[in-house]
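Structure assessment
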Amino acid sequence: MGIFKEKSTFAKFREKITNVIVGNPNLDEEFLDELEESLIISDIGIDTTEKIMEQLRERVNARYITKPEEVQKALESVIADLVDKGERNRLCKENPLIILMIGINGGGKTTSIGKIANLCRKSGRSVMLAAADTFRAAAAEQLQQWGERIGVRVIRHEEGTDPSAVIYDSIQAAKAAGTDVLICDTAGRLQNKKNLMKELEKMNRIIDREYPEAHRETLLVLDSTTGKNAVSQAQEFSEIAEITGLVLTKLDGTARGGIAITVTDQFDIPIKYIGVGEGIDDLLEFNPTQFAEEIFDE
């Protein structure tokens, strides 16, 4: 079994592509039109689909591909190139590093923080967590549980306190301890976009002032099973934060998965991690080539 579970988000996507290939003996415009339709109904946006089909046609002609079954490998390479952002696909390896985690409530943000912290620890980096979502007691409690589970310190305040105060105290603690990576949870109340923007701006000002030498990442967590809603969330959060990467959760579900391709293409934001299960080790560093190959892997 590959990186995705047996019934992955891409199961329906794979099935639609396979049906088009099997059902068409000839590689002609009718075949390509059906292939294009299958991409669109798999939650790949129209603009991204047009880009994929344009590049696919170029490769079909350049490589003298004449059989529908040969198109799959060409399509894999097109998708791999589309989602490959080079070094931007990898989390910053420089220390100290501050990561701001953003995303709506319920999208898997707090869980992703714990899993990224676990990955950082496994790579030999020291980690501290900041519970700066002070509007939900459950968020801080969940982060505390993750901290205890993986053995890292969590800085938290009482519910309802200023989130930026948590950031300030966390920075002081991280500097004093010589911590490599400080990962900060933030509130996900997108319906109050103006307030959320002010919160993030204030957090960033404190980081600039208190820890100017720290490297920075702002990661947006998106639930892959939400389809086109993920595009809307990416648009909304892009307007209030300078996003450096995506964490795509729930790629082990059975919904259409083309949205992962759409978001990274439409907003030019690299995917850094993908969630393929609920276990602590089920958050993987993103590999564009493997990602594209396993979309079609049975």
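Residues numbered from 1 in each chain as written. Predicted model: local features only at pLDDT ≥ 70, side-chain atom pairs only at ≥ 80, totals over all residues. Heavy atoms only, no water.

So, about the pattern of salt bridges. Summed over all chains, the structure comprises 17 salt bridges. A salt bridge links R90 to E87; the nearest nitrogen and oxygen atoms lie 3.3 Å apart. Taking the relative accessible area as the measure of exposure, R90 reaches 39% and is therefore partly exposed. Between E210 and R209 there is a salt bridge, and its shortest N-O distance comes to 2.7 Å. Given a relative accessible area of 16%, E210 falls into the buried group. Because the salt bridges share partners, they merge into one network encompassing K85, R88 and D268. (Salt bridge = Lys/Arg side-chain N within 4 Å of Asp/Glu carboxyl O. Buried < 20%, exposed > 50% of the residue type's maximum accessible area, 1.4 Å probe, protein only.)

Our focus in this paragraph is the pairing of strand β2 (residues 127-131). Within β2, five of the five residues are buried, which leaves it mostly tucked inside the rest of the structure. With five bridges connecting them, β2 and strand β4 (residues 181-185) associate as parallel partners. Bridge pairing in β4 places M128 opposite L182. Inspection of the sheet shows β2 paired to strand β3 (residues 153-155) by three bridges, in the parallel sense. Considered in β3, the bridge of M128 is made with R153. Between the parallel elements β2 and β3, the chain passes through helix α6 (residues 137-150) in a crossover that is right-handed. (Helix = DSSP H or I, 4+ residues; strand = E, 2+ residues; numbered from the N terminus. Pairing = 2+ DSSP bridges. Right-handed = clockwise from strand over helix to strand, strands pointing away.)

Right, let's get into the sheet that holds β4. The strand order across the open sheet formed by eight strands is β3-β2-β4-β1-β5-β6-β7-β8, and the pairing between neighbours is mixed. Edge positions in the open sheet fall to β3 and β8 (283-285), since each of these has one partner strand only. The average undirected angle you get between the axes of adjacent strands in this sheet is 25 degrees. Sheet topology note: the strand β7 (residues 271-275)/β8 ladder contains three bridges and is antiparallel. From the neighbouring strand, G275 faces β8, where its bridge partner is L283. Across the sheet, helix α5 (residues 109-122) lies against β1 (97-102), β2, β4, β5 (215-223), β6 (245-249), β7 and β8, angled at about 175 degrees from β4, the strand it touches most. Most of the contacts of helix α8 (residues 193-210) go to β1, to which it runs at about 175 degrees, and overall it touches β1 and β5. (Axes fitted to C-alpha atoms, helices over the stretch in contact; angles between N-to-C directions. Contact = heavy atoms within 4.5 Å.)

On to α5. Over its 14 residues, α5 extends 20 Å from the first C-alpha to the last, a length consistent with the 20 Å expected when each residue adds 1.5 Å. Counting buried residues in α5 gives ten out of 14 residues, a clear majority hidden from the surface. Listing the buried residues of α5 in full gives K109, T110, S112, I113, G114, K115, I116, A117, N118 and C120. (Expected span 1.5 Å × (residues − 1).)

On the surface, a cluster of negative charge is made up of D28, E30, D33, E34 and E37. One can find E34 in helix α2 (residues 29-40). Judged by relative accessible area, which is 31%, E34 ranks as partly exposed. (Patch = residues over 30% accessible without salt bridge, like charges linked within 9 Å, V, L, I, M, F, W, Y side chains within 5 Å. Areas by Shrake-Rupley, 256 points an atom, 1.4 Å probe, with all protein chains shown as cover. Lys, Arg positive; Asp, Glu negative; His and termini not counted. Charge placed at Lys NZ, Arg CZ, Asp CG, Glu CD.)

Let us look at the environment of E210. Tracing the sequence through the fold places E210 in helix α8. Separated by 20 residues in sequence, E210 and A230 place their C-alpha atoms 33 Å apart. Apart from the residues within four sequence positions on either side, E210 is in contact with Y168, I171, Q172 and K175. A polar contact is formed between the side chain of E210 and the side chain of R209, at a distance of 2.7 Å. (Polar contact = N/O pair within 3.5 Å; in protein donor to acceptor, adjacent residues only side chain to side chain.)

Of note, E217 is situated in strand β5. Sequence-wise, E217 and M101 are 116 residues apart; in three dimensions their C-alpha atoms are separated by 8.4 Å. The contacts of E217, once residues within four sequence positions are left out, are R90, L91, C92, L97, I98, I99, L100, T244 and K272. Separated by 2.9 Å, the side chain of E217 and the backbone nitrogen of C92 make a polar contact.

It is worth spelling out the packing of helix α3 (residues 46-62) against helix α10 (residues 259-266) at this point. Remark: α3 packs on α10, axes separated minimally by 9 Å, with the N-to-C direction vectors making an angle of 90 degrees. Comparing the axis directions of α3 and α10 gives the class roughly perpendicular. The segment α3 lies against α10, with T48, K51 and I52 engaging I261, T262 and D265. Here the contact of α3 with α10 is composed, by residue class, of two nonpolar, two polar and two charged. (Parallel < 35°, antiparallel > 145°, perpendicular 65-115°, else oblique. Nonpolar A, V, L, I, M, F, W, Y, C, P; charged D, E, K, R; others polar.)

All right, on to the packing of aromatic side chains then. In the structure shown here, the tally under the stated rule is one aromatic pair. Here the guanidinium or amino end of K175 rests over the ring plane of Y211, the centre of that ring lying 5.5 Å away. (Phe/Tyr/Trp six-rings, centres within 6.5 Å; stacked < 30°, edge-to-face > 60°. Lys NZ or Arg CZ within 6 Å of the ring centre and 35° of its normal.)

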